[in-house]
Amino acid sequence: MDSSSFSTASIPLDRIRYDEKGLIPAIVQDYLDGTVLMMAWMNAESLHKTLETGQTWFWSRSRQEFWNKGATSGHIQQVKSIRYDCDSDAILVTVEQIGDIACHTGERSCFHQVDGKILPPPADTLSQVFAVICDRKANPNPDSYTCKLLEGGDNKILKKVGEEAAEVVMAVKDDDRDAIAGEVADLFFHAMVALAHHDVDIKQVYRKLQERRR
């Protein structure tokens, strides 16, 4: 993100409510798939640095100093937007996470622990389904429908994509809302199998959509 595309005018700074220590919690979220990456603290100056540079800056309560996320690891966060909540006492920062690693442990998200187990953080539904498809590709299961599609290669996958596209057309022609939703879901799934088969990450699709949205 170019620093010139983000400025202190982007949010009304006079409305931000800091706590008694002059801090405000900042939740950091992936701008493409909505994954919550981390939470850290900002004060007025670190927020200003974030807005000025287009990269996230935080205030360390333990070290009593500013820190630029990724300055050491290279996993910087390019800011895409900043929002504040209804009480103006928390900030949501959407970012492009360089290297796709936000946690100092090497995990994508700091929120990766569930009952002592390390699990990928929840993202949007399409990303979660795509992750399952990729797992089926990496760990084949002979009883898996997805694995059978992947084993069949382009011919089998594309045949299903074509069939599902035709089913979408018919559902739309019939003006059946439930059928439309179901058939589009099937089309999305089979299109994602095609993506996985050709090693195209679904985030590449999201980026294309973001570019066209502009």
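Residues numbered from 1 in each chain as written. Predicted model: local features only at pLDDT ≥ 70, side-chain atom pairs only at ≥ 80, totals over all residues. Heavy atoms only, no water.

As for the packing of aromatic side chains
We count it as follows: Any pair of Phe, Tyr and Trp rings, taking the six-membered ring for Trp, is counted once the centres come within 6.5 Å. Such a pair is stacked with planes under 30 degrees apart, edge-to-face with planes over 60 apart, and tilted for the rest. The numbering of helices and of strands both runs from the N terminus, where a helix is a DSSP run of H or I of at least 4 residues and a strand a run of E of at least 2. Each ring is checked for a lysine NZ or an arginine CZ that lies within 6 Å of its centre and within 35 degrees of its normal; such an atom marks a charge sitting over the ring.
Throughout the structure, instances matching the rule amount to 3 aromatic pairs. Residues Tyr 145 and Phe 189 carry aromatic rings whose centres are separated by 6.4 Å and whose planes lie at 20° to one another, so their mutual orientation is stacked. In this pair, Tyr 145 sits in helix H3 (residues 145-173) while Phe 189 sits in helix H4 (residues 177-197), placing the two residues 44 residues apart along the sequence. Above the plane of the ring of Phe 66 lies Lys 49, whose end atom (NZ or CZ) is 5.7 Å from the centre. Over the face of the ring belonging to Tyr 31 we find Lys 80, whose NZ or CZ atom lies 5.0 Å from the ring centre.

Overview of the sheet that holds strand E5 (residues 77-84)
Using the following cut-off: The criterion for strand pairing is that DSSP finds at least two bridges linking the strands in question. Geometry is summarised by axes, namely lines fitted to C-alpha atoms with helices restricted to the contacting stretch, and by angles between N-to-C directions that run from 0 to 180 degrees. By the convention used here, residues are in contact when the closest approach between their heavy atoms is within 4.5 Å.
In spatial order, the strands read E2-E1-E6-E5; together these 4 strands make up an open sheet with mixed pairing. Strands at the two margins of the open sheet, each flanked by one partner only, are strand E2 (36-42) and E5. The mean inter-strand angle of the sheet, taken between neighbouring strand axes irrespective of direction, is 25°. Both strand E1 (residues 24-30) and strand E6 (residues 91-97) contribute to a ladder of 5 bridges, which runs parallel. If you follow Ile 27 over to E6, its bridge partner there is Leu 92. Of the strands in this sheet, E2, E5 and E6 are in contact with helix H1 (residues 44-53), which crosses E5 at around 120°.

Here's the deal with helix H5 (residues 202-213)
Heads up, the condition is: A helix's residues, less one, multiplied by 1.5 Å, set its expected span. Burial status follows relative accessibility: with a 1.4 Å probe on protein chains alone, a residue under 20% of its type maximum counts as buried, one over 50% as exposed, and anything between as partly exposed. Comment: arc refers to directions from the helix axis out to C-beta atoms. Polar contacts here mean pairs of N or O atoms no more than 3.5 Å apart (in protein, one a potential hydrogen donor and the other a potential acceptor; neighbouring residues in sequence count only if both atoms are side-chain atoms).
Compared with an ideal rise of 1.5 Å per residue, which puts 12 residues at 16 Å, H5 spans 17 Å between its outermost C-alpha atoms and is within 8% of the ideal. Buried within H5 are the following residues: Ile 202, Lys 203 and Tyr 206. The buried residues of H5 all sit within an arc of 95° when viewed along its axis, so they share a single face. Lining the buried residues of H5 we find E1, helix H2 (125-138) and H4. Its side-chain oxygen at 2.7 Å from the backbone nitrogen of Lys 203, Asp 201 defines the N-terminal cap of H5.

Comments concerning the nonpolar core
Note the threshold: Residues belong to a common nonpolar core when they are buried Ala, Val, Leu, Ile, Met, Phe, Trp, Tyr or Cys residues joined through side-chain atoms within 4.5 Å.
Membership of the largest hydrophobic core comes to 18 residues, with the highest contact counts inside it found for Met 42, Leu 47, Phe 58, Ile 82, Ile 91 and Val 93. When residues of this core are assigned to their parent elements, the largest contribution, 4 residues, is made by E2. Apart from residues lying up to four places away in sequence, Val 93 is in contact with Ala 26, Ile 27, Val 28, Gln 29, Met 42, Thr 56, Val 79, Ser 81 and Ile 82. Grouped together as the second largest cluster of nonpolar side chains are 15 residues, Leu 32, Leu 150, Ile 157 and Ala 194 included.

Remarks on the layout of surface pockets
Over the atoms a probe the size of a water molecule is rolled, and this reveals where empty space is left. Just so we agree on the cut-off: Only protein atoms enter the calculation, which uses a 1 Å grid: trapped sets of points that fit a 1.4 Å probe without letting it out are cavities, open sets showing protein on both sides within 12 Å along at least five of seven lines are pockets, and any residue with an atom within 4 Å of a point is a lining residue. Grid points are joined across faces, edges and corners, and a volume is the space filled by probe spheres set on the points.
By volume, the largest pocket is sized at about 460 Å³. Along the wall of the largest pocket there are 18 residues; nearest its centre are Arg 108, Pro 120, Pro 121, Ser 127 and Ala 131. Of all the secondary-structure elements, those providing two or more residues to the lining of the largest pocket are H2 and H5. For the lining of the largest pocket, the leading source of residues is H2, giving 5 residues.

Quick notes on the pairing of E5
Of the pairings in the sheet, the one linking E5 to E6 comprises 7 bridges and is antiparallel in character. What sits directly across from Ser 81, in E6, is Thr 94. Counted between consecutive antiparallel strands, the loop separating E5 from E6 contains 6 residues, among which Ser 88 sits at a positive phi close to 60°.

Brief notes about a nonpolar patch on the surface
The condition that has to hold: To count toward a patch, a residue needs a relative accessible area above 30% and no salt bridge. Like charges then connect within 9 Å, nonpolar side chains (Val, Leu, Ile, Met, Phe, Trp, Tyr) within 5 Å. What sets the accessible areas is the Shrake-Rupley method with a 1.4 Å probe; for residues, cover comes only from the shown protein chains. Salt bridges are defined as contacts in which a side-chain nitrogen from Lys or Arg sits within 4 Å of a carboxyl oxygen from Asp or Glu.
Nonpolar side chains collect at one region of the surface, where Ile 27, Val 36, Met 39 and Phe 111 lie side by side and expose about 320 Å² of accessible area between them. Structurally, Phe 111 can be placed in the loop between E6 and strand E7 (113-114).

Digging into the pattern of salt bridges
Overall, the coordinates contain 12 salt bridges when judged by the stated rule. A salt bridge links Asp 30 to Arg 108; the nearest nitrogen and oxygen atoms lie 3.0 Å apart. Placement of the pair is Asp 30 in strand E1 and Arg 108 in the loop between E6 and E7, with a sequence separation of 78 residues. The class of Asp 30 is buried, set by a relative accessible area of 3%.

Functional significance is not addressed by these values, which are geometric in nature.
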